[in-house]
Amino acid sequence: MEEDRTTGVNTPDAEQSPAERPALRALLSYARPHRGILLTVLALTLAGSAAGLAQPLVIQSVLAKLMTGEGLREDILLLTGLLLASIGLTWLQSWLSERTAERVVLQVRRGLIARLIRLRTAELDRTEPGGLTTRVTSDSTLVQHAATGGLIQLVDGSIHLLATIVLMGIVSLPLLGITSAVLVVVGIAMGVVMPRIKRVTTEAQTSVGEIGAALDRSLGAARTVKANGGEAKETERATEAATRAYRAGLKGARYHALIAVLAGLIVQASFLAVIGFGGALVAMGTLELAALIGFLLYLFNLGGPVLSLVGGTTALQQGLGALARIEEVRSMAAEDDVDGTPPAPSGPPPAVTVDGLTFGYEGRTPVLHGTSFVAPAGKVTAIVGPSGSGKTTVFSLIQRFYDTEGGRILLDDTDIRSLGRAELRRRIAYVEQDSPMLAGTLRENLLYSAPDASDEAVADVLRRTLLDGFVASLPDGLDTAVGARGLALSGGERQRLAIARALLRRPQVLLLDEVTAHLDGLSETALRRTVEEAARNCTVLLIAHRLSTVTTADRLVLFENGRVSDHGRHEELLERSALYQDLTATQLTAGPAVATAG
Ligand code: ADP
Ligand code: MG
């Protein structure tokens, strides 16, 4: 179990699929680590119940003595003692059970968080992040109640109910017979309602997830929404999900109300029946008045365990619904080899060989159809090709964001699948196409994967990426916050920061995806030199769309529809490839002469 090592939490077995594992067993697995405390709580609850149960017996004896005029001191003392005991026990069991509940929710959340962050890219592609986050927030709260309070209420309610019934039988069997008839009818009605509660809970929680997803979408692209006047549309989307949650909540409320009525009905209906029937028995002289009163007190006491059972079952149904959603995350494939601190890459940079790759994203037509090329060690290899021809996809495969279906990728002679993902990625630095930043300071972003970089190294990299002036101009320098996804930076600043971060890692392989897109001509020339310098110590693969970048690369690989249609040097391709001639004329913008400021 990977998570155990990394989070230090006993998470249930992640290997099994939830389909093989009934939800109830999963629930018990969350409760199991706390079984000592839970059993204590149960014992306390039962003791409290026993103290409560003894009261009517004592009261019955008090009443009998009142009628015969006997002394009451002992009975009063006993009654007071029982009362105090039940108060103390209630407090203790409530505190212990809430504390355990909080621990369970922390345990569920830790496991989930660790899992979510390691989910495979393909799983992330298919799921809305907002829907995933509610599993950590609200769903785990529902499990919390089910795994502790719910289970205890169920066990306590059952035992308490059974004990009450036995005691009622001891007091008067005929009266118990009457009461049982009522109990059976109401019990059947409960059995019908309970499964429905689980269904509406799942419905409500799914909708809550959809609210999150809708808001994620709107806030994530806030500027696009504003620029397109999409406020009303986005509001409607999220509100629709909120309305669905409301409707599911209403349905739930109806069932809850029904159950409250049924629970009340047990007491009220049996009360009437017992008063009528028992009154007649007393009148006939076959039942003592004290026994009738004692029985009625038990009858009123019945409300407690019945409510416990109802509450416990409701919590359990809700918890099982939420658990199904949580287990769904557990069933998603995660990367289990991304932890640990692999050694820093040493030795000369490797050649990167892409050999006969075939790949398609799930549910889409294939993107790569046997792509092959070699990026020589310590050289700059530029990849060019029309948009959508699979260039970025190859970068994703080199880092094992996805696993290939056919073909292989080698670093020198090593198949990347034989390296753990952590080890593989430790050797590679990657600058994404849009270079998003993590919310935090510039320093955090720069040192994200090179925390030990010296101040000199940072200053040097900032100079080489032309960021020194920019950083100096900021009031807090490197400690300036960059905001969510680095939106407080210009596209060009973001790209240069991403390059600086990549260089600070001292990688063996550097992957740059259209990193000059937002740079003006001068910065681009300077950065090209920086990259060429970097290539002395690492193998550079860059997806290029600038003619200047392409012409100076050691090697050019031309992509066309998921295949490498040609490779060589700029002049050679220009001579023999129609596609390349076309690209240089249209797509590959000219170098330093064109100044498109970032
Ligand atoms: P390029 O970088 O050459 O412009 P990409 O490798 O990004 O092209 O994309 C190749 C094709 O794969 C495109 O048709 C694109 O729509 C599709 N694609 C890219 N990423 C994904 C993804 N995560 N899920 C599904 N399809 C994708
Ligand atoms: Mg791309």
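Everything that follows concerns the structure shown earlier in this document.
Residues numbered from 1 in each chain as written. Chains lettered and ligands numbered in written order. Predicted model: local features only at pLDDT ≥ 70, side-chain atom pairs only at ≥ 80, totals over all residues.

## Some thoughts on the environment of threonine 202
The line we're drawing: Helix and strand definitions follow DSSP, with helices as H or I runs of at least four residues and strands as E runs of at least two, each counted in order from the N terminus. It is the C-beta atoms, placed from the backbone, that decide contacts: two residues are in contact if theirs lie within 7 Å.
For threonine 202, the position within the fold is in helix H7 (residues 173-220). Separated by 121 residues in sequence, threonine 202 and leucine 323 have C-alpha atoms that sit 9.5 Å apart. The contact partners of threonine 202, leaving out residues within four places of it in the chain, are Gly321 and Ala324.

## Brief notes about the pairing of strand S1 (residues 352-359)
Put simply, the rule is: Being paired, for any two strands, means DSSP has found at least two bridges between them.
In terms of strand pairing, S1 meets strand S2 (residues 368-375) through 6 bridges, oriented antiparallel. Each residue of the ladder has a partner; that of threonine 358, found in S2, is histidine 369. Across 5 bridges, the pairing between S1 and strand S4 (residues 406-411) is antiparallel. Each residue of the ladder has a partner; that of valine 352, found in S4, is leucine 411.

## Digging into the sheet that holds strand S9 (residues 555-560)
Think of a sheet as strands paired side by side through backbone hydrogen bonds, with each pair either parallel or antiparallel. Stated formally: Axes, fitted as lines to C-alpha atoms, cover a helix only where it is in contact. Angles between the N-to-C directions of the axes lie from 0 to 180 degrees.
Strand order in the open sheet formed by 6 strands is S6-S7-S8-S3-S9-S10, with mixed pairing between adjacent strands. In this open sheet, the two edge strands, each paired with only one partner strand, are strand S6 (428-431) and strand S10 (563-568). Neighbour-to-neighbour, the strand axes of this sheet turn through a mean angle of 15°, independent of strand direction. In this sheet, strand S8 (residues 539-543) lies alongside strand S7 (residues 509-513) in parallel orientation, the contact comprising 5 bridges. Opposite leucine 512, over in S8, you have leucine 542 as the bridge partner. Helix-sheet contacts for helix H20 (residues 578-586) involve strand S3 (380-384), S9 and S10, and the interaxial angle to S9 is about 100°.

## Describing helix H17 (residues 521-534)
Note the following rule: Expected span, for any helix, means 1.5 Å times one less than how many residues it has. In this scheme every C-beta is placed from the backbone, and a residue whose C-beta has 20 or more other C-beta atoms within 10 Å is buried, one with 12 or fewer is exposed, and one in between is partly exposed. The directions from the helix axis to the C-beta atoms form the arc being described.
In this model H17 runs 20 Å from its N-terminal to its C-terminal C-alpha over 14 residues, within 8% of the 20 Å that 1.5 Å per residue would give. Buried residues of H17: Ser523, Glu524, Leu527, Arg528, Val531 and Ala534, and no others. Viewed end-on, H17 has its buried residues packed into an arc of 140°, placing them on one side of the element. Exposed residues on H17 whose side chains face more than 90 degrees from its buried face are Leu522, Arg529 and Glu533.

## Some points on the site of ligand 1
Inclusion rule: To decide whether a residue is near a molecule or strand, its C-beta atom is placed from the backbone and checked for lying within 6 Å of it. Charged residues are taken to be Asp, Glu, Lys and Arg, nonpolar residues to be Ala, Val, Leu, Ile, Met, Phe, Trp, Tyr, Cys and Pro, and polar residues to be all remaining types, Gly included.
If you check the shell around ligand 1, you find Asp125, Tyr361, Arg364, Val367, Gly385, Ser387, Gly388, Ser389, Gly390, Lys391, Thr392 and Thr393 and nothing else. Broken down by element, the shell around ligand 1 gets its largest block of residues, 3 residues, from helix H11 (residues 391-398). Per-class residue counts for the shell around ligand 1 are 2 nonpolar, 7 polar and 3 charged.

## So, the sheet that holds strand S5 (residues 414-415)
Strand order in the open sheet formed by 4 strands is S2-S1-S4-S5, and the pairing between neighbours is antiparallel. Each edge of the open sheet is held by one strand with a lone partner, namely S2 and S5. As paired elements, S4 and S5 share 2 bridges and run antiparallel to each other. Pairing of leucine 411 across the sheet is with threonine 414, part of S5.

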